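Descriptive analysis of the structure
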Amino acid sequence: MAQLPTSAAIHPQISDSVDWGSTRNVFIEGENLETLKALRTAYRGKVKMVYIDPPYNTGKDFVYSDRFAQTVREHEFETGARDAEGALKAGTAFEMNTSNSGAYHSNWLSMMYPRLVLARELLTEDGLIFISIDDYEVDNLRAICNEIFGQHNSLNENPVSFIWPRSGATAGMVRTGHEYILVYAKNRSSLKQFKVFSSENDFIEDRAIKKISRSNPESSLTLKAGMRFEGNNAEFTGTIGTNETMTIDGVMRFENGRLTEDVTVSAGWAMKSQIQQWMQGEDTFDTKGQRVVEFFFNKKGLLRYRKERSVFSPSTILESNIVGTTKSASNEIAEILGYKNPFSYPKPTALIQYLMSFCTSGEDIILDFFAGSGTIAQAVVQQNIVDQQNRRYIAVQLREDLDQASEAFSQGDRTIPDVVRHRLRNLPSYVHEKYAEQIAQRSEDNPLDTGFRAFTLGDSCFKSWKVDSSIHVEQLDRLFEDLGESIKPGTDPYDILFELLLKSGCPLNVELTPFSFGYTKFFAVESGALAFTHLPTEDPATIPSLEDWEKAINKFHEIYGYEPVQLIMIEDALSNKNNYVNVDSLKLNLVQLAKQHGINREDVLFA
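The present account deals with the structure reproduced in this document. (Residues numbered from 1 in each chain as written. Predicted model: local features only at pLDDT ≥ 70, side-chain atom pairs only at ≥ 80, totals over all residues. Heavy atoms only, no water.)

**Notes on the overall build of the chain**
Formally: Numbering goes from the N terminus for both helices and strands, where a helix is a DSSP run of H or I of at least four residues and a strand is a run of E of at least two. Exposure classes here rest on a 1.4 Å probe applied to the protein chains alone. A residue is buried below 20% of its type maximum, exposed above 50%, and partly exposed in between. It only takes one pair of heavy atoms within 4.5 Å for two residues to be counted as in contact. Residue burial considers only the protein chains on display, and all accessible areas are found by Shrake-Rupley using a 1.4 Å probe.
Within the chain one finds 16 helices and 27 strands. Across the 607 residues of the chain, 49% fall into the buried class. Of all intrachain contacts in the chain linking residues separated by at least 6 positions in sequence, the fraction that spans at least 24 positions is 73%. For the chain, the computed accessible surface area is about 28400 Å², with 46% contributed by carbon and sulfur atoms.

Here it is in structure tokens:
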């Protein structure tokens, strides 16, 4: 199922977005298997972290109906994936997986397997996947993860999982107070040691002296002028400190936060050789291999050291005061939405923030294709506030109707994606109010991205070839006539643009600038593509001429400061019903024009 091609396309919804022009975050409403397939070309090997919280298969969950008891084509007709004429629709049906089904576990595993295969394909070589699950399917999930990712790509020699202490519920004779989070690397050998990317956690400070004892005898050391002092001006003499002491030979004097002159001090040194190395200007490492940044004096005049935190080893037992609980997640959702949380057992942002804090940084992409309430999006934004990073998210959620009796429905949110978009629209004001002081610390050239680009999964903009061996010759003639134009009538130019960009390997968050010359409208794409995807009218002025393309190439250079490396246009835009004559000559001349600007023939694309 994972390897079958998709006829689906991902269509932009600009009016549903926030900061469309500047944001690099993406939310997609649509069935996740087809969405992952549509994303494959552009995002293969580019996602640093995947987190998913799939249905737990409790006997009450909907799962996606990806069965193989029939032929694929028969199954697609049964589930509604194909219409009455046999055309494959975007997406597949989903159905209740009841516990009395003969294929209870099989249905769930068949749903999960192809999605995990595609998730692995999207991961970077050093990428990680985290999967929340409970006791219903944890053993089966681990079995297919060992098959897809390899047991050797678990984080320890034996398969490892985190234990999340959720708010407990009594079911039977015991109270269930935990869930599991399975974690696998795409390629463990490419994975570096974890590090927490937080300015307040990047360094460790500790004392550089110990209590004098037989195993740690007193000895003298001359400390160099210029060493930093946490105070401003001060003098110390004699013996200072209580349990760990330093005895000063003469006077130890500081001015403007610096030691004014060399001073000899006796103490029970914890790192005497490292102190000497550091004062000689050599790279210095402690016994754990962590780099020592400096030795300095605290306000009491005692010597301390500061070293880089080079390794972070998360415990498999997560602490609820750090990662939150189901209850804290519900409160969080209600606070940002302004109405009662409509979801059962949501995950708190603190949990996702904790996981991404030690394995992602910079502009890493985090993907969640069971997005639920949209927690992943809020978690990414909030973690970027904490550690000043610029991670991006891709959240995917199937359209599911909400209970009409719910408060969310009464507030105008009819589906789960409606709730997600509501949450994401409220997110900018929410975080700017709650984290105003931390956001203010970001530099002007590194603003916080709180927006999102909204998309929906739908059918391709291009007509499909629907035929079998029983077709009558007259029907075949009509089919050829219908396919004279490849684009479906009334298709939006942005829909065409993003379908073509995604298929050519361009991400959904790419910057683009529309511009016009009279009736001809072009798109300049940051990745280097210059595109024309508007369908012409009967007016020949809506067909771009060679002169229009020349001006468009110059305009592209004006916008981005470099020449385009790719030209994209739909063949239907080369002519209209009144003018089919000059299509081939325009194609040839456009290829020659591209050559003059250093664009290769294979990068002039006619769709």
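**Some details on the environment of E121**
Relative to the helices and strands, E121 is located in helix α3 (residues 104-122). Residue E121 is classed as buried on the basis of its relative accessible area, which comes to 18%. When near neighbours in sequence (up to four residues on either side) are disregarded, E121 contacts R40, R44, G45 and K186.

**Topic: the side chain of T325**
Tracing the backbone shows T325 in the loop between α6 (320-323) and α7 (326-337). For T325, a relative accessible area of 19% gives the class buried. In this view, T325 contacts W164, P165, S167, S320 and P348; residues no more than four positions away in its chain are not counted.

**Quick word on the packing of aromatic side chains**
Aromatic ring pairs: the centre-centre distance and the angle between the two ring planes describe each pair. Our working definition: Each Phe, Tyr or Trp ring (for Trp, its six-membered ring) is paired with any other whose centre lies within 6.5 Å, and the angle between the two planes then decides the class: stacked below 30 degrees, edge-to-face above 60, tilted in between.
Within the structure shown, the criterion is met by 23 aromatic pairs. Between F149 and Y184, the aromatic rings sit 5.8 Å apart at their centres with planes inclined by 20°, giving stacked as the arrangement. A residue pair is termed long-range when its members are at least 10 positions apart, and F149 in helix α4 (residues 138-150) and Y184 in strand β10 (residues 179-185) qualify at 35 residues. Between F369 and F370, the ring centres sit 5.5 Å apart and the planes meet at 45°, which makes this aromatic pair tilted.

**Examining the nonpolar core**
Going by this rule: Throughout this description, the term nonpolar core refers to a set of buried Ala, Val, Leu, Ile, Met, Phe, Trp, Tyr and Cys residues connected via side-chain atoms within 4.5 Å.
Among the nonpolar cores identified, the biggest contains 62 residues, and L116, L141 and L508 are the most heavily contacted of them. Ranked by residues supplied to this core, first place goes to α3 with seven residues. For L141, the residues in contact, after removing those within four places along its chain, are W108, L109, M112, L116, I131, I133 and L182. The next biggest cluster of nonpolar side chains, apart from the first, holds 52 residues, and it includes L128, L318, Y354 and V420.

**Some thoughts on the sheet that holds strand β23 (residues 512-517)**
Counted only if it meets this: Only strands joined by at least two bridges in the DSSP assignment are considered to pair. Helix axes are fitted to C-alpha atoms over the stretch in contact, other axes to C-alpha atoms as well, and angles between N-to-C directions run from 0 to 180 degrees.
With respect to topology, five strands assemble into an open sheet ordered β23-β24-β25-β26-β27, the strand pairing being mixed. In this open sheet, the two edge strands, each paired with only one partner strand, are β23 and β27 (604-606). Each neighbouring strand pair of the sheet contributes to a mean axis angle of 20°, computed without reference to strand direction. Note: β23 against strand β24 (residues 520-525), six bridges, orientation antiparallel. When the bridges of β24 are listed, F515 appears paired with F522. Each of β26 (566-569) and β27 touches helix α16 (residues 583-596); the most contacted strand, β27, lies at about 155° to it.

**A look at the pattern of salt bridges**
Convention followed: Any carboxyl oxygen of Asp or Glu that lies within 4 Å of a side-chain nitrogen of Lys or Arg is treated as forming a salt bridge with it.
Summed over all chains, the structure comprises 27 salt bridges. K347 is the salt-bridge partner of D53, the closest N and O atoms lying 3.0 Å from each other. Here the residue D53 occupies a position in the loop between β3 (47-52) and β4 (62-64), and K347 occupies one in the loop between α7 and α8 (349-357), the gap between them amounting to 294 residues. Among the residues examined, K347 registers a relative accessible area of 6% and is labelled buried. We note a salt bridge from R391 to D387, for which the minimum N-O separation is 2.7 Å. The pair formed by R391 and D387 is uniform in burial state, with each residue classed as buried. The network of salt bridges with shared partners includes E29, R399, D418 and R421.

**Regarding the sheet that holds β3**
Pairing is mixed across the open sheet formed by nine strands, whose spatial order is β1-β22-β2-β21-β20-β3-β6-β10-β7. Edge strands, defined here as strands with exactly one partner in the open sheet, are β1 (8-12) and β7 (161-164). When strand polarity is set aside, the average angle formed by the axes of neighbouring strands in this sheet is 20°. Pairing of β3 with strand β6 (residues 123-133) involves five bridges; the strand directions are parallel. Counterpart to Y51 in the pairing with β6 is F130.

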